[in-house]
Amino acid sequence: MNKIRQKLAAGKAVTMFNVDFQSPRLVEHLGSFGLDVCFLDGERMSYDFERIEEMRRAAHLAGIACMARPWMNEPGLITRYFDCGLDGMAFPHVEDAAGAQRLIEAVRYARPKDHADKIVIAMVETPAAIAKVGEIAAVPGVDVVNIGVHDVALAAGYPGRPEHPEVEILVDQAIGRILGAGKHVALNVLDNWEPRMQAFRAKGVLWWNVRARTFLDRGVSQYLALLERHGG
């Protein structure tokens with residue numbers, strides 16, 4: 001994780017890719033492109049602990065880090081995840097500083113000797129969490145705060161509309177508060193990533209989350225469009 005911390009300190013982008021598939025081989029292949037972190041989403045995918053270990057090994061073989069998100073922020077589960085050799089974790093549904101502090105204590109319990117080497121991402125997913133995100137980011141041990149834009153849009157009453165003006169106001173407020181606390185901001189890369197990445201990069205966002213499905217869908221769509229232009 002030292003390479004990742006060095007990139008962030010130098011103001012360089014970090015890319016974390018959500019594998020989407022339970023494939024160690026895919027992890028190793030995508031890691032070979034120079035991406036930074038493999039992300040295993042235990043909240044949405046049915047990874048068992050053995051498969052998490054296998055995919056973490058594949059990530060390390062590719063020279064990249066491996067992180068995961070548990071399906072709940074329970075100390076015993078956090079310990080079990082870290083026992084798989086993960087380099088860090090992203091914790092969902094962090095609503096306030098007290099919740100963030102409990103997570104940091106769970107990480108320290110799970111990894112008493114090397115907890116300082118682990119990356120901790122707190123995920124804020126509601127307008128209420130954004131109102132307190134400066135306090136969340138200020139908790140010692142929190143390295144990155146991820147703004148769940150789609151979740152914020154849903155909670156704000158704009159489901160499926162992450163670019164609604166009211167949602168963008170909330171996101172901008174969160175970015176300012178996180179950076180003001182001296183921490184890094186993570187965002188998911190959406191479909192129209194060219195204009196949005198440029199705009200958010202200018203605001204100081206360095207950590208980007210991309211789904212493997214996004215890479216695949218984009219590549220296939222480009223191929224089919226090329227085929228169509230040359231007669232199908």
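Residues numbered from 1 in each chain as written. Predicted model: local features only at pLDDT ≥ 70, side-chain atom pairs only at ≥ 80, totals over all residues. Heavy atoms only, no water.

Enquirer: Whenever I open this one, the overall build of the protein chain confuses me. Can you help?
Expert: On a plain count of helices and strands, the protein chain comes out with 11 helices and 8 strands. By the compact-globule yardstick of 17 Å for 232 residues, the protein chain fits well, its C-alpha radius of gyration being 18 Å. Taking contacts inside the protein chain between residues at least 6 apart in sequence as the whole, the part at least 24 apart equals 64%. For the protein chain, the exposed surface amounts to about 11,300 Å²; the carbon and sulfur share of it is 54%. Looking at charge distribution, the protein chain has the averaged site of its 27 positive side-chain charges lying 4 Å from that of its 29 negative ones. (Helix = DSSP H or I, 4+ residues; strand = E, 2+ residues; numbered from the N terminus. Rg over C-alpha atoms; globule rule 2.2 N^0.38 Å. Contact = heavy atoms within 4.5 Å. Areas by Shrake-Rupley, 256 points an atom, 1.4 Å probe, with all protein chains shown as cover. Lys, Arg positive; Asp, Glu negative; His and termini not counted. Charge placed at Lys NZ, Arg CZ, Asp CG, Glu CD.)

Enquirer: Could you clarify how one ought to interpret the pairing of strand E5 (residues 119–124) in this entry?
Expert: One face of the sheet, then the other: side chains in a regular strand alternate in exactly this way. Burial within E5 is extensive, with 6 of its 6 residues counted as buried. Burial along E5 is two-sided: the residues Ile119, Ile121 and Met123 and Val120, Ala122 and Val124 are all buried. As defined by bridge partners, strand E4 (residues 88–91) adjoins E5 across 4 bridges and the pair is classed as parallel. Paired with glycine 88 across the two strands is isoleucine 119, which belongs to E5. Taken together, E4, helix H5 (residues 97–110) and E5 constitute a β-α-β crossover, and its handedness is right-handed. Both E5 and strand E6 (residues 144–147) contribute to a ladder of 4 bridges, which runs parallel. By the bridge assignment for E6, isoleucine 121 is matched with valine 144. (Buried < 20%, exposed > 50% of the residue type's maximum accessible area, 1.4 Å probe, protein only. Pairing = 2+ DSSP bridges. Right-handed = clockwise from strand over helix to strand, strands pointing away.)

Enquirer: I tried to follow the environment of aspartate 143 on my own but got confused; where do I start?
Expert: Inspection of the secondary structure puts aspartate 143 in the loop between helix H7 (133–137) and E6. For aspartate 143, a relative accessible area of 17% puts it in the buried group. Spatially, the C-alpha atoms of aspartate 143 and valine 120 are 5.4 Å apart, while their sequence positions differ by 23 residues. Setting aside residues up to four positions removed in sequence, aspartate 143 forms contacts with Arg5, Lys118, Ile119, Val120, Lys183 and His184. Side-chain polar atoms of aspartate 143 contact the backbone nitrogen of valine 120, separated by 2.9 Å. (Polar contact = N/O pair within 3.5 Å; in protein donor to acceptor, adjacent residues only side chain to side chain.)

Enquirer: Any chance you could explain helix H3 (residues 49–61) here in plain terms?
Expert: Given 3.6 residues to a turn, an α-helix orients residues that are three or four positions apart in the same direction. For H3, spanning 13 residues, the distance from its first C-alpha to its last is 18 Å, which sits close to the expected 18 Å at 1.5 Å a residue. All of the buried residues in H3 are Ile52, Met55, Arg56, Ala58 and Ala59. Viewed along the axis of H3, the buried residues span an arc of 160°, placing them on a single side of the element. In H3, those exposed residues whose orientation departs by more than 90 degrees from the buried face are Glu50 and Leu61. Summarising the contacts, the buried residues of H3 are in contact with helix H2 (24–31), strand E2 (37–41), strand E3 (65–69) and helix H4 (75–82). Where H3 begins, the capping side chain belongs to aspartate 48, and its oxygen is found 3.3 Å from the backbone nitrogen of glutamate 50. Once H3 ends, the next one or two residues include glycine 63, with phi positive near 80°. (Expected span 1.5 Å × (residues − 1). Arc of directions from axis to C-beta.)

Enquirer: How should I be thinking about helix H9 (residues 165–180) in this particular structure?
Expert: With 16 residues, H9 ought to run about 22 Å at 1.5 Å a step, and its terminal C-alpha atoms sit 22 Å apart, in line with that. A positive backbone phi angle near 80° is found at glycine 182, which sits one or two residues after H9.

Enquirer: Explanation requested: the environment of arginine 56 in the structure shown.
Expert: The residue arginine 56 is located in helix H3 in this model. Considered as a pair, arginine 56 and methionine 67 are 11 residues apart in the sequence and their alpha carbons are 8.1 Å apart. Here cysteine 84 takes part through its backbone oxygen, which lies 3.0 Å from a polar atom of the side chain of arginine 56.

Without other data, these values stay purely geometric and don't point to any function.
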